[in-house]
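Structural overview for review
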Amino acid sequence: MNSVETLLDVEAIRADFPILDQAIKPGVPLVYLDNAASSQKPLAVIEAMNDYYRRYHANVHRGIHALSEKATAAYEEARAKVAAFINAGSRREIVFVRNATEAVNLVMYSWGRVNIGAGDVIVLTQMEHHANIVPWQLLAQEKGAELRFIPVTEDGFLDLSDLDWLLSGPVKLVGVVHMSNVVGTINPVAEIAARAHAAGARVLVDAAQSVPHMQVDVQALDADFLVFSGHKMCGPTGSGALYGRRALLETMPPFMGGGEMIKRVTLEGAEWNDVPGKFEAGTPAIAEAIGLGAAVDYLAGIGMDKIHAHERAITAYALERLDEVPGVRVYGPADVSKRGGVTAFTMEDMHPHDIAQLVNEMGVAVRAGHHCAMPLHQRYNLPATTRASFYLYNTFEEVDRLVEALYAAKSVFAL
Ligand code: PMP
């Protein structure tokens, strides 16, 4: 199947990702469809990190020597690239973190502990990743706050019909995932943010699945906080960002104490550094930040709109092909304009883990399990799903390979 026109030169893109060009065993080429868990890295990212280690590694912000100045400039340039990528007002609104999980925890420990007290309300959704549930459960337990959840409809949308009620009372925070890592739904974050703000709440957007795949504009969304991981967007593991509205970051206490996050220390106390330094205690992940900057350059160079359009075409094709396979049920919106390329499904009489294992025999890498979204699986009365997730380098032929592998898996079970 190669008749669908896409805007991307996928062949050229695949040449940037040498890892894709391999066989998992003789004669069985790899089909990598586990991008929602972590994407592969283009040479530009690998080389940017390599270059830093080979030519200018030194600690940042401290040295007055040439290498340190070069490393500091590259680290801060990466911050500016990330800020521009999501249209932040300033690079000072970007805090480098290890991943989206750390970013949510930073907001919880720093902002949440000061601003959320007994009886206050935190509104989340039933489709959150555990990274945007568990930190708030910890805080709610500590403070005696109440958690409320926006429910999910059968077809995978947020059910906003009771939002006025959910936003009533002392609501301090609304946390919402931009794109679901299970059902793929792109949530109406700007609308939810407007209503949350009208109710006096702050808004945290989990953009771990959206920033890698579509144009995200923190100002258009009117997010107060927005989090994402570098490793899902062609960047290295151990890189990620917290966007925070500058006025909020300025008022927040530090998350961790130590070197770099202070201006002055005496034995009696300390004066905090300006943002974002206040939140980056200790030696940061310098190579990883530089790698993330290179990933942003790479994605922006191709164009997020083109990447999104390509993934939409692949997803439409995948939904059509999966629908042909007897016993397959795909979860989430049928309308590809309302979803991304994350496609979770079940197959009658087959366990999701068995499916993943059997298709792996044919080279197809998918994920099985609850994908760190157990409450969403509970919503559908499922212990697990199998998930195929697409990225800019995936092809229509790879969807065909997945479908062939599913038929083969079925025939093994029919024996
Ligand atoms: N939120 C969503 C929607 C995700 O898909 C993930 C990763 N599966 C995370 C948060 C957490 O990302 P990380 O493990 O990189 O912190």
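Before going into details, it helps to say that this report is about the structure given with it. Predicted model, so just to flag it, every value in this text is computed and none were measured. (Residues numbered from 1 in each chain as written. Predicted model: local features only at pLDDT ≥ 70, side-chain atom pairs only at ≥ 80, totals over all residues. Heavy atoms only, no water.)

It is worth spelling out the overall build of the protein at this point. Looking only at helices and strands, the protein features 14 helices and 17 strands. The C-alpha radius of gyration computed for the protein amounts to 22 Å, which stays within 12% of the reference 22 Å derived for 415 residues, consistent with globular compactness. Based on the C-alpha atoms only, the size of the protein along its principal axes is roughly 75 × 55 × 35 Å. Within the protein, the fraction of its 415 residues that count as buried is 56%. (Helix = DSSP H or I, 4+ residues; strand = E, 2+ residues; numbered from the N terminus. Rg over C-alpha atoms; globule rule 2.2 N^0.38 Å. Buried < 20%, exposed > 50% of the residue type's maximum accessible area, 1.4 Å probe, protein only.)

Turning our attention to the sheet that holds strand β13 (residues 328-330). One open sheet holds the 4 strands; their spatial order is β13-β14-β17-β16, and the pairing between them is antiparallel. Every interior strand has two partners, whereas the edge strands, β13 and β16 (367-369), have only one. Mean inter-strand twist for the sheet, computed between neighbouring axes without regard to direction, equals 30°. With 3 bridges joining them, β16 and strand β17 (residues 385-389) adopt antiparallel strand pairing. Within the sheet, the bridge partner assigned to A368 lies in β17 and is T386. The sheet contacts of helix α12 (residues 352-361) involve β14 (342-347), β16 and β17, and relative to β16 the element is tilted by about 160°. (Pairing = 2+ DSSP bridges. Axes fitted to C-alpha atoms, helices over the stretch in contact; angles between N-to-C directions. Contact = heavy atoms within 4.5 Å.)

This next bit is on the environment of R321. Mapped onto the elements, R321 comes out in helix α11 (residues 304-324). Discounting chain neighbours no more than four positions away, the residues touching R321 are V399, D400 and V403.

The 7 strands are arranged β4-β10-β9-β8-β7-β5-β6 in an open sheet whose pairing can be described as mixed. Looking at strand neighbours, the two that pair on one side only are β4 (94-97) and β6 (146-150), the edges of this open sheet. Averaged over all pairs of adjacent strands, the angle between strand axes in this sheet comes to 20°, irrespective of strand direction. Bridge count between β4 and strand β10 (residues 240-244): 4 bridges; the pairing is antiparallel. Directly across from F96, in β10, lies its bridge partner A241.

We now examine the site of the ligand. Neighbouring the ligand are 13 residues; T101, D206, Q209, S229 and K232 lie closest to it. Within the side chain of T101, one N or O atom sits 2.5 Å away from an oxygen atom of the ligand. Between Q209 and the ligand, the recorded distance is 2.7 Å, taken from a side-chain N or O atom to an oxygen atom. For the ligand, whose unbound accessible area comes to 400 Å², protein coverage reaches 88%. Residues of the shell around the ligand, tallied by class, amount to 4 nonpolar, 7 polar and 2 charged. (Near = heavy atom within 4 Å. Polar contact = N/O pair within 3.5 Å; in protein donor to acceptor, adjacent residues only side chain to side chain. Areas by Shrake-Rupley, 256 points an atom, 1.4 Å probe, with all protein chains shown as cover. Nonpolar A, V, L, I, M, F, W, Y, C, P; charged D, E, K, R; others polar.)

This part covers the packing of helix α3 (residues 66-85) against helix α10 (residues 286-302). Direction vectors running N to C along α3 and α10 enclose 40°, while the axes themselves pass 8 Å from each other. By the criterion of interaxial angle, the relationship of α3 to α10 is oblique. For the crossing formed where α3 meets α10, the hand is left-handed. Along the contact surface, α3 presents A74, Y75, A78, K81, V82 and F85, while α10 presents I286, A289, I290, L292, G293, V296, D297, L299 and A300. Its residues assigned to classes, the contact of α3 with α10 shows 12 nonpolar, 1 polar and 2 charged. (Parallel < 35°, antiparallel > 145°, perpendicular 65-115°, else oblique. Left-handed = near helix turned anticlockwise from the far one by under 90°.)

Tracing the chain through its elements places S239 in the loop between β9 (225-229) and β10. Taking relative accessible area as the criterion, S239 reaches 2% and is therefore assigned buried. Within the structure, S239 has its side chain in polar contact with the backbone oxygen of P236 (distance 2.8 Å).

Moving on, we get to the packing of aromatic side chains. Applying the stated rule across the entire model yields 10 aromatic pairs. Considering the side-chain rings of F17 and Y298, the 5.8 Å spacing of their centres and the 80° angle between planes classify their relative orientation as edge-to-face. One end of the pair, F17, is in the loop between α1 (10-15) and β1 (23-25); the other, Y298, is in helix α10, and 281 residues separate them in sequence. Overall, Y298 belongs to the buried group, its relative accessible area being 12%. Between the aromatic rings of W111 and F225, the centroid separation amounts to 6.0 Å while the plane-to-plane angle is 65°, which identifies the pairing as edge-to-face. (Phe/Tyr/Trp six-rings, centres within 6.5 Å; stacked < 30°, edge-to-face > 60°.)

Now for the pattern of salt bridges. Here the structure, examined in full by the defined rule, presents 27 salt bridges. With its nearest N and O atoms 3.1 Å apart, the salt bridge here joins E154 to R329. Remark: R329 occurs in strand β13 and E154 occurs in the loop between β6 and α6 (163-166); sequence separation between them is 175 residues. The partly exposed category is assigned to R329, whose relative accessible area is 35%. Each of E76, R79, R91 and E280 takes part in one network of salt bridges that share partners. (Salt bridge = Lys/Arg side-chain N within 4 Å of Asp/Glu carboxyl O.)

A few words on a nonpolar patch on the surface. Together, Y109, V134 and L138 make up an exposed nonpolar region whose accessible area comes to about 240 Å². Position of V134 relative to the elements: it lies in helix α5 (residues 134-143). Owing to a relative accessible area of 38%, V134 belongs among the partly exposed residues under this scheme. (Patch = residues over 30% accessible without salt bridge, like charges linked within 9 Å, V, L, I, M, F, W, Y side chains within 5 Å.)

Following V275, the chain continues into P276 via a peptide bond in cis, with omega recorded as 5°. With respect to the helices and strands, P276 occurs in the loop between β12 (270-272) and α10. With a phi angle near 65°, D349 is a residue other than glycine that sits in the positive phi range. Along the polypeptide, D349 turns up in the loop between β14 and α12. Owing to a relative accessible area of 71%, D349 belongs among the exposed residues under this scheme. With a phi angle near 55°, N381 is a residue other than glycine that sits in the positive phi range. For N381, the position within the fold is in the loop between α13 (374-379) and β17. The class for N381 is exposed, based on a relative accessible area of 73%.

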